[in-house]
Amino acid sequence: MNLNLSFNDNVLSVILLSLEISTTAIIIGILIGIPIGALLALTRFPGKRWIVALVYTCMGLPPVLIGVIIYLMLSRYGPLGSLEWLFSPQAMMMAQSILVTPIILGLTMSAVQAKEKLYTEALKSLGATPWQAAWTIIKEARKGIFAGLGTAFGRAISEVGAVMLVGGNIEGHTRVMTTAIILETRMGNYPTALTIGFVLLAISFILNSFLVMGIIGNLREERNYW
Amino acid sequence: MKRISFYIFSLFLLLGLLIGCSSAPKADKAAQDTSKPAAQATDSKDKEITLATTTSTQDSGLLDYMVPIFEKQTGIKVKVVAVGTGQAIKIGQDGNADVLLVHARSQEDKFVQDGYGVDAYDVMYNQFYLVGPEKDPAGVKNVKTAAEALKLISDKKSTFISRGDESGTHTKEKSIWKAVGINPEGEWYVKAGQGMGATLQMADEKGGYTLTDEATFLSHKGKLGLQVVLQGDPLLFNPYGIMKVKSTKKSDSADQLIHFFVDENGQKLISEFGKDKYGKGLFVPSAKKR
């Protein structure tokens with residue numbers, strides 16, 4: 001089986017679209033998730049427990065459920081039907097943003113919380129203002145936050161149910177790696193399906209290497225601290 | 001060394017015993033249940049065969065209606081793998097199925113010619129419909145043939161949703177484009193790469209035209225704003241074929257399944273299927289040896 005044979009321009013555009021959609025979703029997730037996550041970690045207010053519980057629940061939202069809800073909202077007869085976003089890359093970005101934002105938010109929150117316990121007292125005794133203290137803690141938590149971003153990206157790019165529903169797997173328009181794998185398998189083009197699968201695996205591997213390095217780095221740092 | 005081979009031997013013995021125990025009662029039961037041809041199947045392994053077929057036969061409910069009757073008559077269990085025609089044929093080529101029931105005549109003929117299939121029969125046919133939005137922006141309702149209709153759609157650049165998945169329906173659609181001499185391309189021609197149900201929904205959402213098999217369209221009718229804009233062109237007939245995979249090791253059971261579909265009785269069952277629900281049969285029987 002010659003895998004190079006099936007690696008043509010079409011496959012390349014599918015890979016690029018996958019990366020584009022998931023990266024956009026991650027950026028949206030960063031803009032929303034990191035500030036709110038840090039805020040939740042650093043502040044105390046009544047009812048916070050409930051919000052935290054809600055965030056953790058949303059971290060495990062089934063992607064296909066997100067897909068159905070977005071589909072119904074963007075459908076011609078739905079509340080956002082006038083946008084005409086159904087079966088477009090925008091719809092897929094929307095679905096993936098909803099998928100990754102709680103993950104980034106939740107993991108930022110736990111990373112910042114872990115550092116907060118370590119540093120707050122020391123920072124206070126050194127005379128830092130609350131803003132300076134918050135900024136330092138967030139900076140210290142960056143490895144945990146990056147690990148969260150890696151996890152979120154892995155979830156987004158390997159997700160298939162939601163993007164199939166709201167994107168529609170249209171050739172040259174909304175076909176991404178995961179939906180292409182399903183189609184190629186259904187058509188019996190196993191080599192192409194496998195090629196795309198390997199690319200997906202490679203991307204996931206690279207991301208997870210960063211993730212693992214981050215975790216190891218974190219552990220080492222804590223050991224030094226003690 | 002001796003001990004190891006003793007253990008391995010006893011392991012196999014145990015496995016054999018387990019398999020023997022679990023399959024034997026089933027065979028007895030089947031023999032009791034059925035009055036006649038259960039004895040025709042040669043051994044118990046032969047009692048389970050795989051039928052690779054297209055999603056349309058499963059989605060329309062035809063197989064859920066036919067297969068249990070066959071299983072009851074013969075005691076042979078049928079595992080149905082419902083996929084796109086392209087994959088069904090591939091599964092047959094790889095020897096992962098015993099019988100194929102598909103609808104893409106050119107691919108079927110190639111399958112037999114290449115020596116992968118034998119005993120091919122026509123089984124039945126249904127119709128394809130050209131469906132579109134009620135407003136009919138391309139004016140397809142004014143013409144009588146599929147060729148004229150597709151030409152109008154491409155001239156007006158009205159949205160057309162193609163299955164784009166090498167399924168039987170997609171193969172049929174491509175053959176009509178070829179007959180008109182148009183190579184559909186551009187913004188208006190959308191290759192969905194999905195099943196018939198999802199493609200119909202997409203056509204509904206986008207206000208486009210699409211080619212659909214009768215059974216899937218009828219079963220989705222209440223949920224869609226689409227209308228039939230063209231039917232009755234002989235070009236839109238959708239013949240299904242059944243054939244045996246040459247490499248099958250369960251030739252007897254495979255023959256029985258094929259004969260069940262093409263014999264008088266099976267043909268009668270096919271003609272009656274769907275009458276109560278849709279007022280007319282979803283498939284027209286047309287058994288003929290090729």
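Because the structure is predicted, anything quoted here is derived from the model rather than measured.

### Observations regarding the overall build of chain A
Next, step 1: Per the secondary structure count, chain A includes 9 helices and 0 strands.
Next, step 2: When the helices and strands of chain A are read in sequence order from the N terminus, they spell out α-α-α-α-α-α-α-α-α.
Next, step 3: In terms of principal-axis extent, the alpha carbons of chain A reach across some 65 × 45 × 20 Å.
Next, step 4: Among the 226 residues that make up chain A, the fraction classed as buried is 38%.
Next, step 5: Residue pairs at least 24 apart in sequence account for 77% of intrachain contacts in chain A once pairs closer than 6 positions are excluded.

### Section: helix α1 (residues 9-42) of chain A
Side chains three or four residues apart in an α-helix point the same way, a direct result of the helix having 3.6 residues per turn.
Next, step 1: Compared with the 50 Å implied by 1.5 Å per residue over 34 residues, the 48 Å span of α1(A) between its first and last C-alpha is a close match.
Next, step 2: At I30(A), α1(A) is deflected by roughly 30°, the largest bend along its length.

### Here's the deal with the nonpolar core
Next, step 1: Core analysis: the largest hydrophobic core is formed by 119 residues, its most contacted members being A95(A), V166(A), V99(B), L100(B), L130(B) and L257(B).
Next, step 2: Per-element accounting of this core gives the leading share, 15 residues, to helix α4 (residues 89-125) of chain A.
Next, step 3: In contact with L130(B), not counting residues within four places along its chain, are V140(B), A146(B), A149(B), Y209(B), L211(B), V229(B) and L230(B).

### Regarding the pairing of strand β9 (residues 237-245) of chain B
Residue and element names in this part refer to chain B.
Next, step 1: Of all the 9 residues making up β9, 7 are buried; the element is thus mostly covered by neighbouring parts of the structure.
Next, step 2: Of the pairings in the sheet, the one linking strand β3 (residues 99-102) to β9 comprises 4 bridges and is antiparallel in character. The partner of L101 across the bridge, within β9, is I242.
Next, step 3: One ladder, built from 8 bridges, connects strand β4 (residues 117-132) with β9; its direction is antiparallel. Among the inter-strand pairings, G117 is bridged to a residue of β9, identified as V245.

### Focus on unusual backbone geometry
All names here are of chain B.
Next, step 1: Backbone geometry at D119 places phi at a positive 50°, although glycine is not the residue there.
Next, step 2: By the element assignment, D119 lies in strand β4.
Next, step 3: Of note in this structure, D136 is not a glycine but carries a positive phi near 50°.
Next, step 4: In this structure, D136 sits in the loop between β4 and α6 (146-156).

### Overview of the packing of α4(A) against helix α6 (residues 142-157) of chain A
Residues and elements named next belong to chain A.
Next, step 1: Remark: α4 packs on α6, axes separated minimally by 8 Å, with the N-to-C direction vectors making an angle of 160°. As far as their axial angle goes, α6 and α4 are roughly antiparallel. α6 is crossed by α4, and the crossing has right-handed handedness. Touching Q96, L99, V100, I103, I104, L107, T108, A111 and A114 of α4 are G144, I145, A147, G148, L149, T151, A152, R155 and A156, all from α6.

What counts as what
- Residues numbered from 1 in each chain as written.
- Chains lettered and ligands numbered in written order.
- Predicted model: local features only at pLDDT ≥ 70, side-chain atom pairs only at ≥ 80, totals over all residues.
- Helix = DSSP H or I, 4+ residues; strand = E, 2+ residues; numbered from the N terminus.
- Buried ≥ 20, exposed ≤ 12 C-beta atoms within 10 Å, placed from the backbone.
- Contact = placed C-beta atoms within 7 Å.
- Expected span 1.5 Å × (residues − 1).
- Bend = angle between axes of the 7 residues up to and from the residue.
- Core = buried A, V, L, I, M, F, W, Y, C linked by C-beta atoms within 7 Å.
- Pairing = 2+ DSSP bridges.
- Axes fitted to C-alpha atoms, helices over the stretch in contact; angles between N-to-C directions.
- Parallel < 35°, antiparallel > 145°, perpendicular 65-115°, else oblique.
- Left-handed = near helix turned anticlockwise from the far one by under 90°.

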